[in-house]
Amino acid sequence: MEGRFIVLEGSDGSGKSTLALKLKNYLLEKGFEVEITREPGGTDISERIRQLLLDRNNEEMDYRTEALLYAASRAQLISEKIIPWLNEGKIVISERYVYSSLVYQGLGRGLGIDEVKKINDFATAGIKPDSVILLNVDPEKGLKRKLSIDGGDRLENEDISFHRKVYEGYRKLPHHFPEITELSRDGTIDEVFEEIIRILKI
Ligand code: TYD
């Protein structure tokens, strides 16, 4: 495949959306063809799955169902959008990818990283990102920001111990996946952005 696949990962409220947009605009100005997407979502079918997943009324959702729905949303996004974009030689930026499932469902829900990786190996058909930028913020800080905006979605409303597991899980990921670079989120958005450009060498 010709294109380049970049993923921004990290805990809720870590600034992924702002940085993804900034990166997109930067690359467009440099003359690249760029597509941006998010998970769960990014296609009509995947956005409908997203609604199911994030609806606060779906209290009875089983954790396996949850993991499978995230994987299903991802499978659709990959086949309908990501593979064609990469084949057209575009730079694809995704907010979140498989790593979110490993950490939120594998560790946060306790389903196990290996189990969740198995269903995602099936869902992703071997499509791996070229680079993953990991932005991890202390759950107390990140969540406070998110919950104050709109009351938060189903996952954001999980208790703090869930989000602590997610945070700790993200910290361990780079040891297992060499494509991941973890960034400190101590700086300003502009400083973090400069760091991303340096890491991506673009
Ligand atoms: P996100 O779109 O990042 O939320 P927001 O736009 O509100 O920041 O993600 C929605 C939620 O889904 C988030 O709490 C993380 C969770 N999630 C998983 O649990 N597993 C996954 O595989 C993905 C992609 C997201």
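Reading guide: rules and limits
- Residues numbered from 1 in each chain as written.
- Predicted model: local features only at pLDDT ≥ 70, side-chain atom pairs only at ≥ 80, totals over all residues.
- Heavy atoms only, no water.
- Helix = DSSP H or I, 4+ residues; strand = E, 2+ residues; numbered from the N terminus.
- Rg over C-alpha atoms; globule rule 2.2 N^0.38 Å.
- Buried < 20%, exposed > 50% of the residue type's maximum accessible area, 1.4 Å probe, protein only.
- Salt bridge = Lys/Arg side-chain N within 4 Å of Asp/Glu carboxyl O.
- Near = heavy atom within 4 Å.
- Polar contact = N/O pair within 3.5 Å; in protein donor to acceptor, adjacent residues only side chain to side chain.
- Areas by Shrake-Rupley, 256 points an atom, 1.4 Å probe, with all protein chains shown as cover.
- Core = buried A, V, L, I, M, F, W, Y, C linked by side-chain atoms within 4.5 Å.
- Contact = heavy atoms within 4.5 Å.
- Pairing = 2+ DSSP bridges.
- Axes fitted to C-alpha atoms, helices over the stretch in contact; angles between N-to-C directions.

(A) How the structure looks around the overall build of the protein. Each helix and strand in the protein was counted, giving eight helices and five strands. For the protein, the sequential pattern of α-helices and β-strands runs β-α-β-α-α-β-α-α-β-α-α-β-α. For the protein, the C-alpha radius of gyration of 16 Å lies close to 17 Å, the compact-globule estimate for 202 residues. If one aligns the C-alpha atoms of the protein with their principal axes, the spans along those axes are about 45 × 35 × 35 Å. The 202 residues of the protein split such that 50% are buried.

(B) Geometry of the pattern of salt bridges. Scanning all chains against the criterion turns up 14 salt bridges. Note that Arg154 and Glu66 form a salt bridge whose closest N and O atoms lie 3.0 Å from each other. Here Glu66 lies in helix H3 (residues 63-87) and Arg154 lies in the loop between helix H6 (139-150) and helix H7 (160-176), a separation of 88 residues in the sequence. For Arg154, a relative accessible area of 9% puts it in the buried group. Take Glu66: its relative accessible area is 0%, and that puts it in the buried class. For Lys90, the salt bridge is made with Glu88, and the minimal N-O distance between the two is 2.9 Å.

(C) Layout of the site of the ligand. Looking at the ligand, there are 16 residues lining it, with Tyr70, Arg96, Ser101, Gln105 and Lys146 nearest. Contacts to the ligand include Tyr70, whose side-chain N or O atom sits 2.8 Å from an oxygen atom. Contacts to the ligand include Glu156, whose side-chain N or O atom sits 3.1 Å from an oxygen atom. Protein chains shield 92% of the accessible area of the ligand, which is 550 Å² for the free molecule. Listed by contribution, the elements that provide at least two residues to the shell around the ligand are helix H2 (44-54), H3 and helix H4 (98-108). Broken down by element, the shell around the ligand gets its largest block of residues, four residues, from H4.

(D) The nonpolar core, seen in detail. Formed by 31 residues in total, the largest nonpolar core has its most connected members in Phe5, Ile82 and Tyr97. Listing elements by their share of this core, those giving two or more residues are strand E1 (4-10), H2, H3, H4, strand E4 (131-135) and H7. A total of seven residues in this core trace back to one element, the largest contributor, which is H3. For Tyr97, the contacting residues outside a window of four places in its chain are Phe5, Val7, Glu9, Glu39, Arg74, Ile78, Thr124, Ile127 and Pro129.

(E) Just the sheet that holds strand E2 (residues 34-38), in detail. The five strands are arranged E2-E3-E1-E4-E5 in an open sheet whose pairing can be described as parallel. The open sheet has two free edges, formed respectively by E2 and strand E5 (180-183), since each of these has just one partner strand. Recorded for the sheet is a direction-independent mean angle of 20° between the axes of neighbouring strands. Judged from the five bridges that link them, E2 and strand E3 (residues 91-95) form a sheet pairing that is parallel. Each bridged residue has a counterpart across the sheet, and for Glu35 the counterpart in E3 is Val92. Across the sheet, H3 touches E1, E2 and E3, and the angle it forms with E2 is around 160°.

(F) Geometry of the environment of Glu66. The spatial distance from the C-alpha of Glu66 to the C-alpha of Lys16 is 22 Å, given a sequence separation of 50 residues. The contacts of Glu66, once residues within four sequence positions are left out, are Leu53, Met61, Gln105, Arg109, Arg154 and Leu155.

The quantities given are spatial measurements derived from coordinates; they are silent on function.
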